[in-house]
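# Structural overview
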Amino acid sequence: MSSIEAADVKKICLACEAGAGSSLMVKNSLIKKAKKAGVEVEIVHSPATQIPADTDIVVTHQGLAGVAKQSAPENAVLIQYLMFMNDPSLNKLIKDLAEGNTITST
Amino acid sequence: MREFIQRVGGAASGMVIPNIGAFIAWGLITSLYIGPGWAPNEDLSSMVGPMIVNLLPLLLGYTGGKMIHGHRGGVIGAVVTMAAIVGTSSPQFLGAMLVGPGAAWVLKQLDTRARDSVPEGFEMLYDNFSSGILGWILAVVVYRGLSPILQAITDGLGNFAASMVDNGLVPLADIPIEVAKVLFLNNAVNQGVLTPLGVADAAESGKSIFFLLETNPGPGLGLLLAYWVAGTGMWKQSAPGSIIIHFFGGIHEIYFPYVLGHPIMILAMWAGGISADLWFQVTNAGLVGPPSPGSIFAYIAMLPRDGAANVLIGVAIGAVAAAVVGTILLRVRPIKETDAGVDEAIDTSIPGVDV
């Protein structure tokens, strides 16, 4: 199971099926949360089949985790969420980043 | 299997979604200027045919090629798509989605093998003529070899779709559609299958029921209303915000967890979807172009002059049916915290705990 230190995280990628709708929405809410928590990291969005090769953490819905795993870089940490708004695992990701914890795939 | 469909569907929607603006422009021009439109105009309506036959497939072919091999792939994808367009007599969305990426793949194979051995100073000559000559060859191959097959496939799909409409079977299509949606196959189903069918259908009759089947925001609205009324905990609290994003923003994904977390709620989606589709079928309702994203605002923009009210009534029927059935289901089978999957999500996200 992959894990990464918060300090090493440079790029987070939100992945959804088309890379146009829900991933963009969740990305924007994550950017807001990161800003609020004072976390400086690049957050992008993409289709689950075209995750950028330099992604450190892939964030996707549970229903797309299988596809995302195949296209994600080998060492990337995969964070899955269930709810599109205020999902605990997204809040936890921001908290871990802010506190400098180790982040592990879910 | 599901991942395979998600991958294929992802490729199809990856070609369609970046070009939705052109589809919407085509839909608006069609709804305004054709004979039965809002503001009939013979001169301006002459754009409708060339746009659907040439422009839209070329955009798909270009985008499909670009996905495989950058701009060079896009160019050869568009060239070879042209062969599929003139080699057949129906709008070639399927053909474009096959030959666009296919041609780019062939060029990519050639480039990876040949490019290193191009002498200094001849790069531009190689780039231009490899793409041009390969485009010529592949265009002839597609025109002679593939276009009869493409014609047969599009005819077959078109006849199948038409016979579903003629025999009143469209509402049955809702059963697999609702399931596919919540499994995140929504774009695969809509952009990959229903939008091409709808565009071909609307080109003939000015509107199509196929645009309404996956995109109807009514049933999802009803489901979320049911959670707002009869749900508990965070499901209830999050429902109003989700309604705004779903119904007005058109991001249907927002309601999928409310079905995935309590699978019996698929019955509410079927109730809403099937009753709305029955209404659409009986009233011969349709939209003039693809409503994307599936927001009520996109619906309003794509309304035909003839039968506009029927579309909106169908959205309302879907919402009411899903809300009623959903509320009953939530009362009879309340959502348990263990059903929610939310607790699980919290547990599994604790670092170092393997689940």
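Calculation criteria
Residues numbered from 1 in each chain as written. Chains lettered and ligands numbered in written order. Predicted model: local features only at pLDDT ≥ 70, side-chain atom pairs only at ≥ 80, totals over all residues. Heavy atoms only, no water. Helix = DSSP H or I, 4+ residues; strand = E, 2+ residues; numbered from the N terminus. Rg over C-alpha atoms; globule rule 2.2 N^0.38 Å. Buried < 20%, exposed > 50% of the residue type's maximum accessible area, 1.4 Å probe, protein only. Contact = heavy atoms within 4.5 Å. Areas by Shrake-Rupley, 256 points an atom, 1.4 Å probe, with all protein chains shown as cover. Lys, Arg positive; Asp, Glu negative; His and termini not counted. Charge placed at Lys NZ, Arg CZ, Asp CG, Glu CD. Axes fitted to C-alpha atoms, helices over the stretch in contact; angles between N-to-C directions. Left-handed = near helix turned anticlockwise from the far one by under 90°. Nonpolar A, V, L, I, M, F, W, Y, C, P; charged D, E, K, R; others polar. Pairing = 2+ DSSP bridges. Right-handed = clockwise from strand over helix to strand, strands pointing away. pLDDT = per-residue confidence, 0-100. Disulfide = S-S within 2.5 Å. Salt bridge = Lys/Arg side-chain N within 4 Å of Asp/Glu carboxyl O. Expected span 1.5 Å × (residues − 1). Phe/Tyr/Trp six-rings, centres within 6.5 Å; stacked < 30°, edge-to-face > 60°.

## A few points about the overall build of chain A
If you tally the helices and strands in chain A, you get three helices and six strands. Reading the helices (α) and strands (β) of chain A from amino to carboxyl end gives β-β-α-β-β-α-β-α-β. For a compact globule of 106 residues, the expected C-alpha radius of gyration is about 13 Å, and chain A comes in at 12 Å, within 12% of that figure. For the C-alpha atoms alone, the extent of chain A along its principal axes is close to 30 × 25 × 20 Å. Here chain A holds 106 residues, and the buried ones make up 59% of them. Restricting to contacts in chain A with at least 6 residues of sequence separation, those with at least 24 account for 62%. Just so you have it, chain A exposes about 4500 Å², and 47% of that area is on carbon and sulfur atoms. For chain A, the distance from the average site of its 10 positive side-chain charges to the average site of its 11 negative ones is 8 Å.

## Notes on unusual backbone geometry
All names here are of chain B. In this chain, Ser-292 is followed by Pro-293 through a cis amide linkage whose omega measures -5 degrees. Checked against the element boundaries, Pro-293 lands in the loop between helix H12 (266-282) and helix H13 (296-301). At Asn-284, a residue that is not glycine, the phi angle is positive and equals roughly 55 degrees. By the secondary structure assignment, Asn-284 is in the loop between H12 and H13.

## Structural notes on the packing of helix H9 (residues 217-230) of chain B against helix H14 (residues 308-332) of chain B
Residue and element names in this part refer to chain B. In the contact formed by H9 and H14, the axes pass within 7 Å of each other and the chain directions differ by 35 degrees. As for the relative orientation of H9 and H14, their crossing is right-handed in sense. Residue-level contacts link Pro-217, Gly-218, Pro-219, Leu-221, Gly-222, Leu-223, Leu-225, Ala-226, Tyr-227, Val-229 and Ala-230 of H9 to Val-315, Gly-318, Ala-319, Ala-322, Ala-323, Gly-326, Thr-327, Leu-330 and Arg-331 of H14. Here the contact of H9 with H14 is composed, by residue class, of 14 nonpolar, five polar and one charged.

## Overview of the pairing of strand E4 (residues 57-61) of chain A
Residues and elements named next belong to chain A. Counting buried residues along E4, five of its five residues qualify, which places the element largely inside the surrounding structure. Here E4 shows a buried face lined by Ile-57, Val-59 and His-61 and a second buried face lined by Val-58 and Thr-60. Here four bridges tie strand E2 (residues 11-16) to E4, and the two strands are oriented parallel to one another. By the bridge assignment for E4, Ala-15 is matched with Thr-60. Chirality of the crossover, the property in question, places the unit of E4, helix H2 (residues 65-71) and strand E5 (residues 77-81) among those that are right-handed.

## Remarks on the confidence of the model for chain B
Within chain B, residue pLDDT values average 86, and 94% of them lie at 70 or more. pLDDT under 50 marks residues 338-355 of chain B. Its contacts with residues more than four places away, or in other chains, come to 25 contacts.

## A word on the state of the cysteines
All names here are of chain A. With the rule as written, the count across this model stands at zero disulfides over all chains. Left unpaired, Cys-13 is separated from the closest cysteine sulfur, that of Cys-16, by 9.6 Å. Cys-16 sits in the buried class, given a relative accessible area of 3%.

## What about the sheet that holds E4 of chain A?
Residues and elements named next belong to chain A. Here we have four strands laid out as an open sheet, ordered E3-E2-E4-E5, and parallel in their pairing. The sheet is open, and its two edges are formed by strand E3 (42-47) and E5, each paired on a single side. Within the sheet, the average angular offset between the axes of one strand and its neighbour, ignoring direction, is 25 degrees. Where E4 lies against E5, five bridges are found, and the strand directions are parallel. Bridge pairing in E5 places Thr-60 opposite Gln-80. Taken strand by strand, helix H1 (residues 22-37) contacts E2, E3 and E5, and its axis lies near 170 degrees from that of E3. Of the strands in this sheet, E2, E4 and E5 are in contact with helix H3 (residues 88-99), which crosses E5 at around 140 degrees.

## Some points on the pattern of salt bridges
Residues and elements named next belong to chain B. Taken as a whole and assessed by the stated rule, the structure comprises five salt bridges over all chains. With a closest N to O distance of 3.0 Å, Arg-72 and Asp-111 form a salt bridge. Of this pair, Arg-72 sits in helix H4 (residues 48-87) while Asp-111 is found in helix H5 (residues 93-114), placing the two residues 39 residues apart along the sequence. Under the relative-accessibility criterion, Arg-72 is labelled buried at 17%.

## Describing helix H2 (residues 20-33) of chain B
Counted at 1.5 Å a residue, the expected span for H2 of chain B with its 14 residues is 20 Å, and the 20 Å between its end C-alpha atoms agrees. All of the buried residues in H2 of chain B are Ile-20, Ala-22, Phe-23, Trp-26, Gly-27, Ile-29, Thr-30 and Ser-31 of chain B.

## Some remarks on the pairing of E2 of chain A
Residue and element names in this part refer to chain A. Burial analysis of E2 places six of its six residues in the buried class, which makes it a mostly covered element. Taking every second residue as pointing to the same face, both faces of E2 are buried, with Lys-11, Cys-13 and Ala-15 on one and Ile-12, Leu-14 and Cys-16 on the other. In this sheet, E3 lies alongside E2 in parallel orientation, the contact comprising six bridges. If you follow Ile-12 over to E3, its bridge partner there is Ile-43.

## A few points about the packing of aromatic side chains
Residue and element names in this part refer to chain B. Under the criterion given, the structure shown has seven aromatic pairs over all chains. With a centroid separation of 5.9 Å and an interplanar angle of 35 degrees, the aromatic rings of Phe-23 and Phe-93 are classed as tilted. Of this pair, Phe-23 sits in helix H2 while Phe-93 sits in helix H5, and the two are 70 residues apart along the sequence. Judged by relative accessible area, Phe-93 falls into the buried class, the value being 3%. Taken together, a centroid distance of 5.0 Å and an interplanar angle of 90 degrees make the contact between Tyr-255 and Phe-256 edge-to-face. The burial state of Tyr-255 is the same as that of Phe-256; both residues are buried. Ring-pair connections join several aromatic residues into one group, and the members of that group are Tyr-227, Trp-235 and Tyr-258.

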